[in-house]
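Report on the structure
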Amino acid sequence: MTDKPLMLAGVIQNSIVDGPGIRMTVFTQGCPHHCPGCHNPQTHPFEGGEPTTVEQLIERLQGDPLVRGITLSGGEPFCQAAPLARFAQYCRQHGLETAAYSGYTFEELLEMSKQDEGVLALLQQLDILIDGRFEQDKKSYELRFRGSSNQRTIDVPASLEAGRAVLDCSERWNG
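Notes on the structure in this doc start here. (Residues numbered from 1 in each chain as written. Predicted model: local features only at pLDDT ≥ 70, side-chain atom pairs only at ≥ 80, totals over all residues. Heavy atoms only, no water.)

**Brief notes about the environment of L143**
Filter applied, for reference: Labels follow the DSSP assignment, with helices taken as runs of H or I lasting at least four residues and strands as runs of E lasting at least two, numbered in each case from the N terminus. It only takes one pair of heavy atoms within 4.5 Å for two residues to be counted as in contact.
Relative to the assigned elements, L143 resides in the loop between β6 (128–131) and β7 (152–155). Between the C-alpha atom of L143 and that of N174, which follows or precedes it by 31 residues, the distance is 7.3 Å. Apart from residues no more than four positions distant in its own chain, L143 is found in contact with S148 and S149.

Right, dumping it as structure tokens:
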């Protein structure tokens, strides 16, 4: 079975700014939010990007013994949720922490999952979700791994179990 390729804006193999530790950060192409002040505006158009398969991402990951986690960013990862869920599942099965940034809130994603099973599949593979649109008037350089104070660091497994957003308050993610 051949999946539709992921459209990526890029991959940072060894990032230390998209979550704690050394991470592989995958930047998806395409975002419906167009937040003013976004630091990745080149990822907004759905046209463009590099076609990549889940298998190609896995191969890149397997060749790097330093990576301890993955971060899905964008663009908007949940616009390509189903294939990213497969990638995140592989990562979790191999002991890597999985995180994603989304302009959607956790509550919006739960609502979207009723129409798109890929959204729930991706949520089920995440450890951490940084949710909410970037708001320029709430921008702060004091926030660890978040751009604006409205964004939340969500413990996804606890949130799915509770049926509501449960904040992650760990030192690792919040400083």
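After that view of the structure, there is still more to cover.
**Focus: the pattern of salt bridges**
In plain terms, the rule: The salt bridge definition used is simple: a Lys or Arg side-chain nitrogen within 4 Å of an Asp or Glu carboxyl oxygen. Only protein chains enter the calculation, and the probe is 1.4 Å; a residue is then buried if its accessible area is under 20% of its type maximum, exposed if over 50%, and partly exposed in between.
Tallied over the entire structure, the rule returns nine salt bridges. Between R133 and E108 there is a salt bridge, with the nearest N and O atoms lying 3.2 Å from each other. Here E108 lies in helix α3 (residues 106–112) and R133 lies in the loop between β6 and β7, a separation of 25 residues in the sequence. For E108, a relative accessible area of 29% gives the class partly exposed. Ionic pairing is found between E135 and K138, a salt bridge with its closest N-O pair at 3.0 Å. Overall, E135 belongs to the partly exposed group, its relative accessible area being 29%. The exposure class of K138 is partly exposed, given its relative accessible area of 34%.

**Here we look at helix α2 (residues 81–93)**
Selection criterion: To estimate how far a helix should extend, the number of its residues minus one is multiplied by 1.5 Å.
The first and last C-alpha atoms of α2 sit 18 Å apart over 13 residues, in line with the 18 Å expected at 1.5 Å per residue. Among all positions of α2, only A81, P83, L84, A85, F87, A88, Y90 and C91 are buried. Looking at the buried residues of α2, the elements they touch are β1 (6–15), β2 (23–28), α1 (54–62), β4 (69–73), β5 (97–102) and α4 (117–123).

**As for the layout of surface pockets**
Summary: where empty space remains is shown by rolling a probe the size of a single water molecule over the atoms. Short version of the rule: Using a 1 Å grid laid over the protein atoms alone, points where a 1.4 Å probe fits but cannot get out form a cavity; open sets with protein on both sides within 12 Å along at least 5 of 7 lines form a pocket; any residue with an atom within 4 Å of a point counts as lining. Grid points are joined across faces, edges and corners, and a volume is the space filled by probe spheres set on the points. Here the term charged refers only to Asp, Glu, Lys and Arg, the term nonpolar to Ala, Val, Leu, Ile, Met, Phe, Trp, Tyr, Cys and Pro, and the term polar to all other amino acids, Gly among them.
Estimates place the volume of the largest pocket at around 700 Å³. H39, Y101, F134, G147 and Q151 are, among the 32 residues lining the largest pocket, the residues nearest its centre. At the level of elements, β5 and β6 are the ones that each hand at least two residues to the lining of the largest pocket. For the lining of the largest pocket, the per-class residue count stands at eleven nonpolar, 15 polar and six charged. Put simply, the second largest pocket is a space of about 200 Å³. Forming the boundary of the second largest pocket are K4, P5, M7, Q29, F46, C79, Q80 and P83. For the lining of the second largest pocket, a count of residues per class yields five nonpolar, two polar and one charged.

**Some points on the packing of aromatic side chains**
Which entries qualify depends on this criterion: Between rings of Phe, Tyr and Trp, where Trp is taken as its six-membered ring, a pair exists when centres lie within 6.5 Å; planes separated by under 30 degrees are stacked, by over 60 edge-to-face, and by other angles tilted.
According to the stated counting rule, one finds one aromatic pair in the structure shown. Here the aromatic rings of F145 and W173 are separated by 5.4 Å at their centres, their planes lie at 65 degrees, and the arrangement is edge-to-face. Here F145 is found in the loop between β6 and β7, whereas its partner W173 is found in helix α6 (residues 171–174), with 28 residues between them in sequence. There is no split in this pair, since F145 and W173 are both buried.

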